[in-house]
Amino acid sequence: MENIKVPKLLVLAGVVVFIFPILSFSQETRLRDHLLFYSSFDEKPTADIATGDAMIYTAENYKKATHAKTGLHDPNVVLAKNKGLMGDALHFKEAKTSAIFYKAFENVGYSDTAWSGTISFWLRLDPDKELAPHYCDPICITDSKWSDAGLWVDFTDHKPRRFRMGAMGDIAIWDPNDDSDEADWNKRTVTVNLSPFGAARWTHVAIVFSQLNTKTAAEVRLYLDGAFQGAIKDINDPFTWEAKNGKMMLGLGYIGFMDELSVFDKPLNAEEVNTVFELKKGIKTLLGPSYQRH
């Protein structure tokens, strides 16, 4: 039989095409192994995956959180059928709502000696047209309030509504005089001046944090649609929690949609954040065909 010479470039191209799906699959498998919590908001608000409590809770307000009921019990916070990134979504229709939260205990990997992880979710809204005229936090993760050992993102109260991320440790450490010094504030926040948010598009948000509650310099990074927006660095504020009181507070003053809320137990690198952003069917892509809902 006559030997057929195949150009080297074609051979190399074939190898690359063959390897790329393997690398992609391998990375998705690794990400799945680090998933602590995931709520798709499809059909019901109970988390699809939870290391701790999977239930969503409603309370009159956060001061009465110990009396919260399981499930959604506020007509202004509903599951919006087929309005999500892939399926349904959580819709905050009004700014004045009850306290809506998941319990953070064991679901966010909190540690009082070394806490690292990633919070990932999607938002859809037009900030300048839809938000009420005050600050609002789509999510705040804390055991008490945003300014005391809290990780959060918010929209400012003036137009244009700027999107921000904050990492505020124990208030007794970072703001002992209760004066919210501007230098201390700026060191612990990242502000996005050009907002990518819009009523007709979903925007992916990732909060990546590493080495909180250690004596080394902690870092918290913000990504939007897979693109790095800024970082909070060189802060050693402790994040002291009563761990069982920790909450993933949702929709504080927020009007808009939220979908695909997930928590990883590691600080994702830029490539991994982009992988999550580009998942064709959301986090379910990581879980494989054998995945079954709660």
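Rules of the game
Residues numbered from 1 in each chain as written. Predicted model: local features only at pLDDT ≥ 70, side-chain atom pairs only at ≥ 80, totals over all residues. Heavy atoms only, no water. Helix = DSSP H or I, 4+ residues; strand = E, 2+ residues; numbered from the N terminus. Polar contact = N/O pair within 3.5 Å; in protein donor to acceptor, adjacent residues only side chain to side chain. Contact = heavy atoms within 4.5 Å. Pairing = 2+ DSSP bridges. Salt bridge = Lys/Arg side-chain N within 4 Å of Asp/Glu carboxyl O. Buried < 20%, exposed > 50% of the residue type's maximum accessible area, 1.4 Å probe, protein only. pLDDT = per-residue confidence, 0-100.

**Student:** Residues and numbers for the side chain of Lys247, please.
**Tutor:** With respect to the element layout, Lys247 can be found in strand β16 (residues 247-252). Only 2.9 Å separates the side chain of Lys247 from the backbone oxygen of Asn245, close enough to count as a polar contact. Sequence-distant contacts of Lys247, defined by excluding residues within four places in its chain, comprise Tyr62, Ala65, Phe101, Tyr102, Ala104, Cys140, Ile141 and Thr142.

**Student:** If you had to explain the sheet that holds strand β12 (residues 189-192) to someone new, which residues and values would you point to?
**Tutor:** On the basis of which strands lie adjacent, the open sheet formed by eight strands has the order β4-β3-β7-β16-β9-β10-β11-β12 and antiparallel pairing. Whereas interior strands pair on both sides, the edge strands pair on one side only; in this sheet they are β4 (69-70) and β12. In terms of strand pairing, strand β9 (residues 136-142) meets β16 through five bridges, oriented antiparallel. Following the sheet pairing, Asp137 is matched in β16 by Leu252.

**Student:** Describe in detail the pattern of salt bridges, supporting the description with residues and values.
**Tutor:** All chains considered together, the criterion is met by nine salt bridges. As a salt-bridge pair, Asp88 and Lys81 come within 3.9 Å of each other at their nearest N and O atoms. On the basis of relative accessibility, which here comes to 5%, the residue Asp88 falls in the buried class. Across the pair Asp237 and Arg188 runs a salt bridge, and its minimum N-O distance is 2.5 Å. Linking Asp237 in the loop between β15 (227-235) and β16 with Arg188 in the loop between α4 (182-187) and β12, this pair joins segments that are 49 residues apart in sequence. The class for Asp237 is buried, based on a relative accessible area of 7%. Classification of Arg188 by relative accessible area gives buried; the value is 7%.

**Student:** Talk me through the confidence of the model for the protein chain; I want residue IDs and the actual numbers.
**Tutor:** In regions of low pLDDT, the predicted coordinates are not meant to be interpreted in detail. With 89% of its residues at a pLDDT of 70 or more, the protein chain has an overall mean of 89. In this model, residues 1-6 is a region of pLDDT below 50 whose contacts with residues beyond four sequence positions or in other chains number one contact. With pLDDT under 50 throughout, residues 8-24 is counted as low confidence; its partners more than four residues away or in other chains account for one contact.

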